[in-house]
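Listed below, chain by chain, are the residues.
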Amino acid sequence: MIARIWSGESPLWLLLLPLSWLYGLVSGLIRLSYKVGLKRAWRAPVPVVVVGNLTAGGNGKTPVVIWLVEQLTQRGIRVGVVSRGYGGKAERYPLLLTGQTTTAQAGDEPVLIFQRTGAPVAVSPVRSEAVQALLSQTDVQMVITDDGLQHYALARDKEIVVIDGVRRFGNGWWLPAGPMRERASRLKSVDAVIVNGGTAQAGEIPMQLRPGLAVNLVTGERRDVAELPNLVAMAGIGHPPRFFSTLEACGARLLNTVPLADHQALSQAQVAGFTAPGQTLIMTEKDAVKCRAFARDNWWYLPVDAELQGEQPERLLQALIALAEEGSPAH
């Protein structure tokens, strides 16, 4: 229902317009308060790069963060990541992730980023505290924030926005009548726009999410997803249909699909109940980090990697490398 409202297919979005106007007014005033100096943003002594969204829902932001960390690390830049840690609740913040940190403590996306990249990751509702924790315990040259485009309390040196190239901006209205956190005009002030799927427009960087081999959560065995029998797919991400479509494009024959809420907590009994005897469960890597501790041998996940096309990605990386080597322009 919410997808139909945000796309404009359902007229119910008209009923939500007063709330959207209020949302837009409040968010605009917050941004203005930092712009005119009524509120002061905290600036880190190293460059901060924000990777965020203009819309609610999954756009492929976390794969972009992973891609940036891997590419910059390969080029000799020491990178750390900070996150709000949605879906997690630690005993105290800021929390610097270790190999023993659970998704219940830090949230699924920070754990996924940490496991995939090995880069230092810190979470806190106050992102400046997460940055300070990284700087106090590591020697990172650059900090990448996973989300936080609208978190103006943290000053940033570069802003990268990720867009779902198929859904783009829906009906264009602020939450809750539409999917927008900020209006599309905000793109004029960011440093790069990455478009996940669909057709990139002039100046935008095209990106595709390329699936790898399915991985068994218990044994680590890798196999073509099309070879897995009697598949049931589950996805607790911002836009589950994208994952199901990816599986089908890989040749998977799905008996059933189970869409879940983004960042939803999972239990063994709940997940085991998605399949009947003789069936195989396939999930996203983001779900797998929540299920690994109680996984069963018929559970698999499908990793995906961001693939950015054209000359623009290399120019973006070179700009970030120069920024990391020079330090934050404000210092």
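- The name an unreviewed UniProt entry gives the protein chain is Tetraacyldisaccharide 4'-kinase, with Leclercia adecarboxylata as the organism.
- What the UniProt record of the protein chain gives under Function (unreviewed entry) is the line "Transfers the gamma-phosphate of ATP to the 4'-position of a tetraacyldisaccharide 1-phosphate intermediate (termed DS-1-P) to form tetraacyldisaccharide 1,4'-bis-phosphate (lipid IVA)."
- For the record of the protein chain, the UniProt heading Sequence similarities (unreviewed entry) holds the text "Belongs to the LpxK family."

### Let's talk about the domain arrangement of the protein chain
Consideration 1: Partitioning the protein chain into structural domains gives domain 1 (1–208 + 308–327) and domain 2 (213–302).
Consideration 2: On a C-alpha basis, the centres of domain 1 and domain 2 stand 26 Å from each other.
Consideration 3: Across the contact, 16 residues belong to domain 1 and nine residues belong to domain 2.
Consideration 4: Carbon and sulfur atoms supply 51% of the area that domain 1 and domain 2 bury against each other, a total of about 1100 Å² over both sides.
Consideration 5: Of all residues in domain 1, Thr103, Asp108 and Leu112 bury the most surface against domain 2, accounting for 39% of the area lost on that side.

### Topic: a nonpolar patch on the surface
Consideration 1: Side chains of Leu22, Leu25, Val26, Leu29, Ile30, Leu32, Val36 and Leu38 sit close together on the surface and give an oily, nonpolar patch of about 760 Å² of accessible area.
Consideration 2: Residue position: valine 26 is located in helix H2 (residues 17–35).
Consideration 3: The class of valine 26 is partly exposed, set by a relative accessible area of 41%.

### As for the UniProt feature "binding site: ATP" (unreviewed entry) in the protein chain
Consideration 1: In this structure's numbering, the residues bearing the UniProt feature "binding site: ATP" (unreviewed entry) are Thr55, Ala56, Gly57, Gly58, Asn59, Gly60, Lys61 and Thr62.
Consideration 2: Relative to the helices and strands, glycine 57 resides in the loop between strand E1 (48–52) and helix H3 (61–74).
Consideration 3: For glycine 57, a relative accessible area of 28% translates into the label partly exposed.
Consideration 4: Leaving out residues up to four positions away in the same chain, lysine 61 has contacts with Val51, Gly52, Asn53, Glu109, Asp146, Asp147 and Val162.

### Considering the pattern of salt bridges
Consideration 1: One pass over the structure, following the stated rule, counts 22 salt bridges.
Consideration 2: Of the charged contacts in the structure, one is a salt bridge between glutamate 159 and arginine 156, with a shortest N-O distance of 2.7 Å. By the burial criterion, glutamate 159 is buried, and arginine 156 matches it.
Consideration 3: Measuring nitrogen to oxygen at the nearest pair gives 2.8 Å for the salt bridge that ties arginine 168 to glutamate 204. A residue pair is termed long-range when its members are at least 10 positions apart, and arginine 168 in the loop between strand E6 (158–164) and strand E7 (192–196) and glutamate 204 in the loop between E7 and strand E8 (205–211) qualify at 36 residues.
Consideration 4: Three or more residues are tied together by salt bridges with common partners; here these are Lys61, Glu109, Asp146, Asp262 and Lys286.

### Here we look at the sheet that holds strand E10 (residues 222–223)
Consideration 1: Read from one edge of the open sheet, six strands run E10-E9-E14-E13-E11-E12, paired in mixed fashion. The strands lining the two open edges of the sheet, one partner per strand, are E10 and strand E12 (254–259).
Consideration 2: By the bridge criterion, five bridges tie strand E11 (residues 231–235) to E12 in an arrangement that is parallel. Residue pairing in the sheet places leucine 231 in a bridge with leucine 254 of E12.
Consideration 3: Seen against the sheet, helix H7 (residues 240–249) touches E11, E12, strand E13 (280–284) and strand E14 (299–302) and runs at an angle of roughly 150° to E11.

### Quick word on the sheet that holds strand E5 (residues 142–146)
Consideration 1: Pairing is mixed across the open sheet formed by nine strands, whose spatial order is E3-E4-E2-E5-E1-E6-E7-E8-E15. Pairing within the sheet leaves two strands with one partner each, and these edge strands are strand E3 (95–96) and strand E15 (304–308).
Consideration 2: Inspection of the sheet shows E7 paired to E8 by three bridges, in the parallel sense. Within E8, the residue paired with asparagine 196 across the bridge is methionine 207.
Consideration 3: Docked against the sheet, helix H6 (residues 127–137) engages strand E2 (79–83), E3, strand E4 (121–123) and E5, running at close to 150° with respect to E2.

### Structural notes on the UniProt feature "transmembrane region" (unreviewed entry) in the protein chain
Consideration 1: Mapped onto the present numbering, the UniProt feature "transmembrane region" (unreviewed entry) falls at residues 12–34.
Consideration 2: Within residues 12–34, the helical portion is 78% and the strand portion 0%, while the C-alpha atoms at the span's ends are 34 Å from each other.

So, how was this worked out
- Residues numbered from 1 in each chain as written.
- Predicted model: local features only at pLDDT ≥ 70, side-chain atom pairs only at ≥ 80, totals over all residues.
- Heavy atoms only, no water.
- UniProt positions renumbered as here; feature names shortened; annotations may be inferred.
- Domains from an automatic or database assignment.
- Contact = heavy atoms within 4.5 Å.
- Buried area = accessible area lost by both parts, 1.4 Å probe.
- Patch = residues over 30% accessible without salt bridge, like charges linked within 9 Å, V, L, I, M, F, W, Y side chains within 5 Å.
- Areas by Shrake-Rupley, 256 points an atom, 1.4 Å probe, with all protein chains shown as cover.
- Salt bridge = Lys/Arg side-chain N within 4 Å of Asp/Glu carboxyl O.
- Helix = DSSP H or I, 4+ residues; strand = E, 2+ residues; numbered from the N terminus.
- Buried < 20%, exposed > 50% of the residue type's maximum accessible area, 1.4 Å probe, protein only.
- Pairing = 2+ DSSP bridges.
- Axes fitted to C-alpha atoms, helices over the stretch in contact; angles between N-to-C directions.

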